[in-house]
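What follows is each chain in one-letter form.
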There are 2 protein chains.
Amino acid sequence: MITKKVNLDERELPKAWYNIMPDMPVMPGPTIHPGTGQPIGPDDLAPIFPMRLIEQEVSQERWIDIPEEILDIYRLWRPTPLYRAYHLEEVLGTPAKIYYKYEGVSPAGSHKPNTSIAQAYYNQKEGVKRLATETGAGQWGSALSLACKLFGLECTVYMVKVSYHQKPYRRSMMQVWGSEVIPSPSDRTNAGRGILSRDPDSPGSLGIAISEAVEDAATREDTKYSLGSVLNHVLLHQSIIGLEVKEQLRKVGDKPSVLIGSCGGGSNFAGLAFPFMPEKAAGEDIRFVAVEPTSCPTLTKGVYAYDFGDTAQMTPLMPMYTLGHDFVPPGIHAGGLRYHADSPLVSILHREGIVEAVAYTQNPVFQAAVTFAQVEGIIPAPESAHAIKAAFDEALRCKETGKEEVIVFNLSGHGHFDMAAYDAFLAGELEDYTYPQEKIAESLKKLPKVDIG
Amino acid sequence: MITKKVNLDERELPKAWYNIMPDMPVMPGPTIHPGTGQPIGPDDLAPIFPMRLIEQEVSQERWIDIPEEILDIYRLWRPTPLYRAYHLEEVLGTPAKIYYKYEGVSPAGSHKPNTSIAQAYYNQKEGVKRLATETGAGQWGSALSLACKLFGLECTVYMVKVSYHQKPYRRSMMQVWGSEVIPSPSDRTNAGRGILSRDPDSPGSLGIAISEAVEDAATREDTKYSLGSVLNHVLLHQSIIGLEVKEQLRKVGDKPSVLIGSCGGGSNFAGLAFPFMPEKAAGEDIRFVAVEPTSCPTLTKGVYAYDFGDTAQMTPLMPMYTLGHDFVPPGIHAGGLRYHADSPLVSILHREGIVEAVAYTQNPVFQAAVTFAQVEGIIPAPESAHAIKAAFDEALRCKETGKEEVIVFNLSGHGHFDMAAYDAFLAGELEDYTYPQEKIAESLKKLPKVDIG
C-alpha cells in the first residue's frame, strides 16, 4: 500500500505561533550575566538582538501572531506535507501508524527557514542592515542567507572550517543567495585569532563559530546576531510545524502516541513536540522522544548545569544539558547535531522526565535513512535520519506489543547536500563512535560555577 | 510584493494524460528500421519496450487514462505548485505577468519522475524484472532509480563517464535508491568496448550511453530499456505538467501569451506546452519557446533529417532536428541539455514554425539563475535556468512594448546537485561557448541517407 499525503489547505496555515512558556510545568532558571552573576535583562541583549525578538524570548503570551509579511513567505512552501507512511508500515510489519512531517520542501531544504524568515523580518523592521551568524554543515547558514536576501539584509556566515572545506555545496548555496561565508576560526575576530594562535590547524566547532558571530555583531553598530536553534524565540517560530501536524492529524482522526524529533539545539524536536504539551498536561498519553548521536550525546550523557553557549565564553550563561562549552565533536561524525548543549526549555523538560532522550551511533542511523529512501522515496538529511531510526525502533516495539500506536516524526530536511556521507556509509567507511565518558568529564570540569538550583 | 502560489487541490490532479498525436497539424514521418529502410512496427520494438508503452508511442487517442497506481505515487508530490512571480516582475520592472511551474518538488528533484514512474509501472505489469538506461548528469538516472525501487525492479544506469566522476552526488543518489551505476563507455557492452578500443580516454556522451543501455536490454531476456525524453510516450506522460498549469491558470483567470521550456530531448518543454496546442489551433494567440544552450544548438543550428538516436547506430532512425549522432558536447559546458537530437514531435512543430527556438551561452543563463534564486528563493537546475533566461528576455520585451502578457515557464528542477557549476560561474570560470558551425557540418555528413520528405 502506498504512502499518502494528508492535505492541509493554504487557508488553514496557522496564524499564530504557540509559545510553551505559560504552559511549562517548571521554568528554567534565568539567563545569567557571566560577569555579574546576575540575571540579564533586555538591555544586555539589545546589542545583539532586535527588541521584538528579545520580547519573544521572555514572553508569557501563549499565542503570538505571525505577521502577514512572514505568512506570505511561509506560504511559498507551507503548509508542508504530513505523510501517512503506509508503505513503510507494511515493510516494517508494524501495527503502528507512522506519520512523518516533511520540512525539506522549503527552498533551503530544511525546517530552518521557519525561524530565519521571522528573524530577518524583525531585524529589518528595526532598521538592522546586516546579520552575523554561525553554521556547521550549513543548514542554518543557508536558511538565514535566503531570509536575509528576501528582506534585503546583508549576511555574514562563520562556517565551521572543516565543513567549509569538506561540504562546499552548502557554502555555494549561501553565496548564490549573496552571503559572505568565512571559514571559522578566522582572523576577523578576537575570538577567532585567539583560537588560531593556540591551534593554527583548528578544524573549528559550532561553539567557536558562535563566538565569532556574536563578537562580529556586538562590535558593529549596523549588525545583529542570529541563532538557528536553542533560544526560546527560535523554538517559538518552529511551533508552526507541530501546529500544522495537529490540524493534519485532526483531519484524519488520529492522536499521536509518540512524537519524535532529532535534537541538536532542540528546535526541530520542539517545533513538532511543544504544541502537543497542553494535551500531555491534560492527561493524554503522549510520549516525546528527542534523538541525538552518540558522538554528541548532550541529553543522554551531559549534565544539567549553567554553561556558556559558545567556546570563547562570550554568551550569557544558560541552564541546560551540556557536554561543556569546549566540546569539539569528532571529525568522523557525519550526522550533524553537533552542538555541545541543548535548548534550556528542552533541557528542563528532559530533566523533569517529560521529554525522553535516546542516542544512536551513525551506521544504524544511515541504514534507517537508506531504507526510508528506498521505501518512501525521499532521501533524508542525516540529522533527520536520527528521528527515522527512533521511529523504526518504536514501530518494531509496537510489532512486539501488537499495539496500534500513532508514531509521528519530524523529517526536518532532505539530504541532497549530504551525499558524501551516504557514499561513506555505502562504502562501509563510517565508524560507530561513542564520545567517551572521560572526555566529557574533562570538559565538564570547566563549567562556570553557577548554582543550577 | 511577494510571489504567490496558485493552489490546486489534490482532487484536481488530472486523471488522464494528453496525447498531442490526433491534434498534430502535420505528422512526422515514420520511424525507420536502419537495416531494411522500412517503417518499424511494434514487433521490432518489443525486445526493448513493454507493449503498453509501444501502444502509447503510436496511439491516436487524445486522452489516455492514468492508472490509479501511478496517480497514487504522483500524489506524493503532485499537483506541483504554480507560482505567480510578483516579486520577480517587480525586480524586472515588467508589465508582464510571470508564472512558473515548479517540478523540483519530486523526490528526485525534477520533472523526470512523471515518466519514470509510468515506465516502471508498465514494465512491472508486463513481468519485466530489470531496466537499463543511460544518464548524463544524472537527473534521468536518479528518477528511474527511484521509480524502479518503488516498483521492485532492478535498475542499471550507464552514466556518461565524465559526469560519473565530476558529479558523484547524483550517482550516490542512484545508489541509495539501489541502482547499479556504470561509467560509460564501459567494457560491459560491445558498443562500449568498441568506443574504448578506439579511444580509451573517451569522456562518454549520451549517444554512447544510450547504445550501451539499448544493447544491454536487447541482449537480456529479463531486461527492457527506458528512455527519459525524446519519445512520444515520454512526452505523453509529461503532459501532466501542462494540464495542471491549465487548471491553475483557469483558477486565476489568466491565459498564457507565451509558454517557455528548456529543451534537451524535449520532454519538459513539451510537457508544459503541448496541452495548450489545441488552444493555439483554435486561434488563440499563444507562443511556444524551446530554449537550448549554444553549445548543443540542436533546434537552432541542427538540420531536420532522419538520424540515429545513439552513437553506435543501434536505434531506429527518427525524423528530427539533429547535430549528428556522433556529436559530443564540449566538456566546459555546465548547463545540461546535451543530447544531439530532439523529440520528433517537437522537431516537426519547430519546422512548421509553431514552436520557436532560442539558444543562449552559459554565463547569461547562470546570471539569470542567480538573480532568480535571490528574488524567488529557489535555486534552479542549470537546465531549467535556460527557460528562466528566456522568460527574463520576454519580460524585458514586454517592458519595452508595455504589453501585459502572461509568461509561463517550466522550472523543471532544482540545482542542489549542480552547485559546482554555480561555483564555477561565481568564480568567473565559465566560458561562453558556441558549438562551431563547421564541426556541426562535419557531423552532419555522417547522417544516414533517408529521405525526410
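In this numbering scheme, every chain counts its residues from 1 along its sequence in written order. Each chain is given a letter, starting from A, and each ligand a number, starting from 1, according to the order in which they appear as written. For this predicted model, a pLDDT threshold of at least 70 governs which residues receive local features, and a threshold of 80 or more governs which side-chain atom pairs are given and counted, while totals over whole chains, interfaces and linings are taken from all residues. Where side-chain values are given, they derive from all heavy atoms of the structure, hydrogens and water being excluded.

Colleague: What exactly am I supposed to notice about the overall build of chain A here?
Modeller: Each helix and strand in chain A was counted, giving 19 helices and 15 strands. Rg of the C-alpha trace for chain A: 20 Å, near the compact-globule value of 22 Å for 453 residues, within the 12% margin. Overall size of chain A, expressed as C-alpha extent along the three principal axes, is 60 × 50 × 45 Å. Working definition: with a 1.4 Å probe on protein chains only, accessible area under 20% of the residue-type maximum means buried, over 50% means exposed, and in between means partly exposed. When the 453 residues of chain A are sorted by exposure, 67% land in the buried category. Here a residue-residue contact requires only that any non-hydrogen atoms of the pair lie within 4.5 Å. Of the contacts made within chain A by residues no fewer than 6 positions apart, 77% connect residues no fewer than 24 positions apart. Note on areas: Shrake-Rupley, 1.4 Å probe, and residue coverage restricted to the protein chains presented here. Total accessible area computed for chain A in this model is approximately 14900 Å², and 50% of it derives from carbon and sulfur atoms. A run of H or I in DSSP becomes a helix once it reaches four residues, and a run of E becomes a strand once it reaches two; helices and strands are each numbered from the N terminus. For a compact globule the rule gives 2.2 Å times the number of residues to the power 0.38, and the radius of gyration it is set against comes from C-alpha atoms.

Colleague: How should I be thinking about the pairing of strand 15 (residues 406-411) of chain A in this particular structure?
Modeller: Regular strands show a simple pattern: their side chains alternate between the two faces of the sheet. Residue and element names in this part refer to chain A. Most of strand 15 sits out of view: six of its six residues are buried. Here strand 15 shows a buried face lined by Val406, Val408 and Asn410 and a second buried face lined by Ile407, Phe409 and Leu411. The rule for pairing is simple: two strands pair if DSSP sees at least two bridges between them. As paired strands, strand 5 (residues 97-102) and strand 15 are joined by six bridges and run parallel to one another. When the sheet's bridge partners are listed, tyrosine 99 is paired in strand 15 with valine 408. Note that strand 10 (residues 258-262) and strand 15 share three bridges and pair parallel. Bridge pairing in strand 15 links valine 258 to isoleucine 407.

Colleague: Got a minute to help me understand the sheet that holds strand 14 (residues 355-360) of chain A in this structure?
Modeller: In any sheet, the strands associate via hydrogen bonds between backbone groups, in a parallel or an antiparallel arrangement. Residues and elements named next belong to chain A. Overall, mixed pairing links the seven strands, which are arranged 1-4-5-15-10-11-14 in an open sheet. One side of each edge strand has no neighbouring strand; the edge strands of this open sheet are strand 1 (4-6) and strand 14. Here the strands of the sheet are splayed against their neighbours by 25° on average, with no regard to which way each runs. Here strand 1 runs beside strand 4 (residues 82-84); their pairing, made up of three bridges, is antiparallel. Pairing of lysine 4 across the sheet is with arginine 84, part of strand 4. An axis is simply a line fitted to the C-alpha atoms; with a helix, the fit covers only the stretch in contact. Between two such axes, the angle follows the N-to-C directions and lies from 0 to 180 degrees.

Colleague: What exactly am I supposed to notice about the relation of the copies chain B and chain A here?
Modeller: Copy one and copy two of the chain differ by a rotation about a common axis and a shift along it. For the pair chain B and chain A, the best superposition has an RMSD of 0.0 Å and corresponds to a rotation of 180° with a translation of 0.0 Å parallel to the axis. Look at the turn and shift together and you get a two-fold axis relating the two. The fit set for superposing copies consists of C-alpha atoms from residues with pLDDT of at least 70 in both; the fit itself is least squares.

Colleague: In this structure, what is going on with the packing of helix 16 (residues 362-376) of chain B against helix 18 (residues 419-426) of chain B? I would like to understand it.
Modeller: How two helices sit against one another is set out by the angle between their axes and by the gap between those axes. All names here are of chain B. Between helix 16 and helix 18, the shortest axis-to-axis distance is 10 Å and the interhelical angle comes to 105°. Taken together, helix 16 and helix 18 sit at an angle that is classed as roughly perpendicular. Seen from helix 16, the contacting residues are Asn363, Phe366, Gln367, Ala369 and Val370; seen from helix 18, they are Ala421, Tyr422, Phe425 and Leu426. A breakdown of the residues in the contact of helix 16 with helix 18 according to their chemical character gives seven nonpolar, two polar and no charged. Oblique is the label for any angle not under 35 degrees, not over 145, and not in the 65 to 115 range, which are roughly parallel, roughly antiparallel and roughly perpendicular in turn. Each residue gets one label: Ala, Val, Leu, Ile, Met, Phe, Trp, Tyr, Cys and Pro are nonpolar, Asp, Glu, Lys and Arg are charged, and the others, such as Gly, are polar.

Colleague: Would you explain the side chain of B:Arg171 in this entry?
Modeller: Looking at the secondary structure, you find B:Arg171 in helix 8 (residues 168-176). When near neighbours in sequence (up to four residues on either side) are disregarded, B:Arg171 contacts A:Asp423, B:Met159, B:Tyr164 and B:Val181.

Colleague: So what exactly am I meant to see when it comes to the pattern of salt bridges here?
Modeller: Oppositely charged side chains can form a pair if their charged atoms are brought close together. Each salt bridge in this description consists of a side-chain nitrogen of Lys or Arg and a carboxyl oxygen of Asp or Glu lying within 4 Å of one another. Following the criterion strictly, the structure yields 60 salt bridges over all chains and no others. Put simply, A:Asp254 and A:Lys97 hold a salt bridge, and the shortest N to O gap is 2.9 Å. Of the two residues, A:Asp254 sits in the loop between helix 11 (232-252) and strand 10 while A:Lys97 sits in strand 5, which places them 157 residues apart along the sequence. Taking relative accessible area as the criterion, A:Asp254 reaches 12% and is therefore assigned buried. With a closest N to O distance of 3.0 Å, B:Arg220 and B:Asp222 form a salt bridge. The exposure class assigned to B:Arg220 is partly exposed, which follows from its relative accessible area of 37%. Of the residues examined, B:Asp222 reaches a relative accessible area of 27% and is grouped as partly exposed. Here the salt bridges do not stand alone but share partners, grouping A:Arg287, A:Glu356, A:Glu394, A:Arg397, A:Lys403 and A:Glu405 into one network.

Colleague: What's the story with empty space enclosed by the protein in this structure? I'm lost.
Modeller: Remark: the empty space left among the atoms is shown by a probe the size of a water molecule rolled over them. All names here are of chain A. Here a cavity denotes grid points, spaced 1 Å and computed from the protein atoms alone, that fit a 1.4 Å probe unable to get out, and a pocket denotes an open set having protein on both sides within 12 Å along at least 5 of 7 lines; residues with an atom within 4 Å of a point are the lining. Grid points are joined across faces, edges and corners, and a volume is the space filled by probe spheres set on the points. One pass over the structure, following the stated rule, counts 10 cavities of 30 Å³ or more. Reported here for the largest cavity is a volume of approximately 470 Å³. Only strand 6 (130-135), helix 6 (139-150), helix 10 (206-218) and helix 12 (267-273) provide two or more residues apiece to the lining of the largest cavity. A per-class count over the lining of the largest cavity returns nine nonpolar, 15 polar and four charged. All the domain ranges listed were derived from an automatic or database domain assignment. Counting the residues that make up the lining of the largest cavity, at least three belong to each of domain 1 (5-9 + 72-109 + 233-444) and domain 2 (46-66 + 111-225).

Colleague: Would you take a moment to explain the interface of chain B and chain A for this structure?
Modeller: As a measure of interface size, the accessible area lost when the parts come together is often cited. Counting residues at the interface gives 40 residues for chain B and 40 residues for chain A. Between chain B and chain A lies a buried interface of about 3600 Å² when both sides are counted; carbon and sulfur atoms form 61% of it. Considering only the surface of chain B that becomes buried against chain A, B:Leu76, B:Val176 and B:Gln374 emerge as the three largest contributors, covering 19% of it. Where chain B meets chain A, there are four salt bridges. With a shortest N-O distance of 3.6 Å, B:Asp423 and A:Arg171 are connected by a salt bridge. Polar contact is the term for a pair of N or O atoms within 3.5 Å; when the atoms are in protein, one must be able to donate a hydrogen and the other to accept it, and sequence-neighboring residues count only if both atoms are side-chain atoms. One can count 23 residue pairs in polar contact (both at pLDDT 80 or more) joining chain B with chain A. Once two parts are put together, the accessible area they lose, assessed with a 1.4 Å probe and summed over both, is termed the buried area.

Colleague: Looking at this structure, how should I read the packing of helix 2 (residues 51-58) of chain B against helix 11 (residues 232-252) of chain B?
Modeller: Residue and element names in this part refer to chain B. Between helix 2 and helix 11, the shortest axis-to-axis distance is 7 Å and the interhelical angle comes to 85°. In terms of axis orientation, helix 2 runs roughly perpendicular to helix 11. Here Leu53, Gln56 and Glu57 of helix 2 lie close against helix 11, whose contacting residues are Asn232, His233, Leu236 and His237. Split into classes, the residues belonging to the contact of helix 2 with helix 11 amount to two nonpolar, four polar and one charged.

Colleague: Would you mind showing me how to read the nonpolar core here?
Modeller: Note on soluble globular proteins: their nonpolar side chains tend to be buried together. We define a nonpolar core as any set of buried Ala, Val, Leu, Ile, Met, Phe, Trp, Tyr and Cys residues linked to one another through side-chain atoms lying within 4.5 Å. Ranked by size, the top nonpolar core spans 140 residues in total, and within it A:Ile260, A:Phe409, B:Trp17, B:Phe274 and B:Phe288 carry the most contacts. If sequence neighbours within four positions are ignored, A:Ile260 has contacts with A:Leu272, A:Val289, A:Val291, A:Ala387, A:Ala390, A:Ala391, A:Glu394, A:Ile407, A:Val408, A:Phe409 and A:Asn410. A:Tyr18, A:Ile64, A:Leu272 and A:Ala290 belong to the second-largest nonpolar core, a separate cluster that totals 139 residues.

Colleague: When you look at helix 11 of chain A in this model, what are you seeing that I'm missing?
Modeller: Working note: α-helix, 3.6 residues per turn, so residues spaced by three or four point in the same direction. Residues and elements named next belong to chain A. Compared with the 30 Å implied by 1.5 Å per residue over 21 residues, the 31 Å span of helix 11 between its first and last C-alpha is a close match. Note that bend, as reported per residue, equals the angle between axes fitted to the 7 residues terminating at that residue and the 7 residues originating from it. The largest bend in helix 11 amounts to roughly 30° and is located at glutamine 238. With respect to burial, helix 11 is a largely interior element, 16 of its 21 residues being buried. Multiplying 1.5 Å by the residue count of a helix minus one yields the expected span of that helix.

Colleague: Just to check I follow, could you spell out the domain arrangement of chain A for this structure?
Modeller: All names here are of chain A. Taken domain by domain, chain A comprises domain 1 (5-9 + 72-109 + 233-444) and domain 2 (46-66 + 111-225). Inter-centroid distance (C-alpha atoms) of domain 1 to domain 2 is 23 Å. In this complex, domain 1 contributes 35 residues to the contact, which on the side of domain 2 involves 37 residues. Here domain 1 meets domain 2 over a buried area of about 3000 Å², counting both sides, of which 65% is carbon and sulfur. Contact with domain 2 buries surface across domain 1, with Ala108, His233 and Phe417 losing the most and accounting together for 22% of the total. Applying the counting criterion to the domain 1 and domain 2 interface returns one salt bridge. The salt bridge involving aspartate 418 is made with lysine 167; its shortest N-O contact spans 3.9 Å. Summed over the shared surface of domain 1 and domain 2, the result is 14 residue pairs in polar contact (both at pLDDT 80 or more). Listed by contribution, the elements that provide at least two residues to the side of domain 1 that touches domain 2 are helix 3 (68-74), helix 11 and helix 12.

Colleague: Can you help me understand the sheet that holds strand 7 (residues 154-160) of chain B in this one?
Modeller: All names here are of chain B. What the four strands build is an open sheet, ordered 8-7-6-9; its pairing is parallel. The sheet terminates laterally at strand 8 (180-184) and strand 9 (223-225), the two strands that pair on one side only. When the angles between neighbouring strand axes are averaged without regard to direction, this sheet yields 25°. Inspection of the sheet shows strand 7 paired to strand 8 by five bridges, in the parallel sense. Its bridge partner lying in strand 8, valine 160 is registered against serine 184. Each of strand 6 (130-135) and strand 7 is contacted by helix 6 (residues 139-150), which is oriented at about 165° to strand 6, the strand it contacts most.

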